[in-house]
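# Understanding the architecture of this molecule
Single-letter residue listing:
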Amino acid sequence: MILSLCGFMSCGKSGLGRYLAEELKTQVIDLDSYIEAHEGCTVSEYFAKNGEEKFRATELKSLKKILKEYDNKNMVLSLGGGTPMNPECNKLIKEKTFCIYLTCTIKELAFRLKDTASQRPVFAAKGEADTETWVKTMLAKREPSYLQCSKIQVDTTIWDKKSIAEEILKKLPKE
């Protein structure tokens, strides 16, 4: 089974993905890191050079490649915060993975984003907008897509990877 993690930027997808893969003794792929490795630049550099539209096309192509390569295999896939916004990506995630939507309070997301702002091109483009207001607005746009492709939700506001992973593992379907 491909276990995928979706949610807003800084909700913990990458860190939890690595932790879950260790617990499940399987491989983890972080979609943004995968794209960076194949494109030879950071996501921020890719955005600056090619724009968001081209990035989203590359994201879809990369997702398709990963899902094809790992079909009928076990792995953990950490998605980008905007990946489920693409209807084709959303459909693939829903059909080909067991997706978990990692939720978090707006206040905590805003706090976490301040430490990683330079690595997040969509956040960096927010300009002078108040961070909490921006997160609230963006989450309102993205959450319907997260809910559409996910099978369960798990809150990551209190960041305790072990407890969060245990909650996820309890909710996974028994194979």
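The structure we're discussing is the one just above.
For clarity, every value in this text was computed on a predicted model and none was experimentally measured.

Conventions and cut-offs
Residues numbered from 1 in each chain as written. Predicted model: local features only at pLDDT ≥ 70, side-chain atom pairs only at ≥ 80, totals over all residues. Heavy atoms only, no water. Helix = DSSP H or I, 4+ residues; strand = E, 2+ residues; numbered from the N terminus. Axes fitted to C-alpha atoms, helices over the stretch in contact; angles between N-to-C directions. Parallel < 35°, antiparallel > 145°, perpendicular 65-115°, else oblique. Contact = heavy atoms within 4.5 Å. Nonpolar A, V, L, I, M, F, W, Y, C, P; charged D, E, K, R; others polar. Salt bridge = Lys/Arg side-chain N within 4 Å of Asp/Glu carboxyl O. Buried < 20%, exposed > 50% of the residue type's maximum accessible area, 1.4 Å probe, protein only. Left-handed = near helix turned anticlockwise from the far one by under 90°.

For the rest of this paragraph, the subject is the environment of Ile2. Along the chain, Ile2 turns up in strand β1 (residues 2–6). It is 7.9 Å that separates the C-alpha atoms of Ile2 and Asn72, two residues lying 70 residues apart in sequence.

Here we come to the packing of helix α2 (residues 31–39) against helix α3 (residues 43–69). Packing of α2 against α3 leaves a shortest axis separation of 9 Å and a crossing angle of 110°. Viewed along their axes, α2 and α3 adopt a mutual orientation that is roughly perpendicular. Only Val43, Tyr46, Phe55, Thr58, Glu59, Ser62, Leu63, Lys65 and Ile66 of α3 make contact with α2, whose side of the interface consists of Leu31, Asp32, Tyr34, Ile35, Glu36, His38 and Glu39. Of the residues that constitute the contact of α2 with α3, the class distribution is eight nonpolar, three polar and five charged.

Let us now look at the side chain of Thr103. Of note, Thr103 is situated in strand β4 (residues 98–103). Excluding anything up to four places from it in sequence, Thr103 contacts Gln153, Val154, Asp155, Thr156 and Thr157.

Let's shift gears to the pattern of salt bridges. In this structure the tally under the stated criterion is seven salt bridges. For the salt bridge of Arg56 with Glu59, the shortest nitrogen-to-oxygen distance reads 3.0 Å. Residue Arg56 and its partner Glu59 are located together in helix α3, separated by three residues, close to a single helical turn. The exposure class of Arg56 is buried, given its relative accessible area of 16%. The class for Glu59 is buried, based on a relative accessible area of 1%. Shared partners join several salt bridges into a network, and the residues in it are Glu52, Arg56 and Glu59.

Within the secondary structure, Ser4 is located in strand β1. On the basis of relative accessible area, Ser4 is assigned to the buried category, the value being 0%. When near neighbours in sequence (up to four residues on either side) are disregarded, Ser4 contacts Leu77, Leu79, Ile93, Thr97, Phe98, Cys99 and Ile100.

So, on to the packing of α3 against helix α4 (residues 87–96). Here α3 crosses α4 at 20°, and the two axes come no closer than 10 Å. Of the possible angle classes, the one that applies to α3 and α4 is roughly parallel. By crossing handedness, the relation of α3 to α4 is classed as left-handed. Of the residues in α4, those in contact with Leu60, Leu63, Lys64 and Leu67 of α3 are Glu88, Cys89, Leu92, Ile93 and Lys96. Looking at side-chain class alone, the contact of α3 with α4 contains six nonpolar, no polar and three charged residues.

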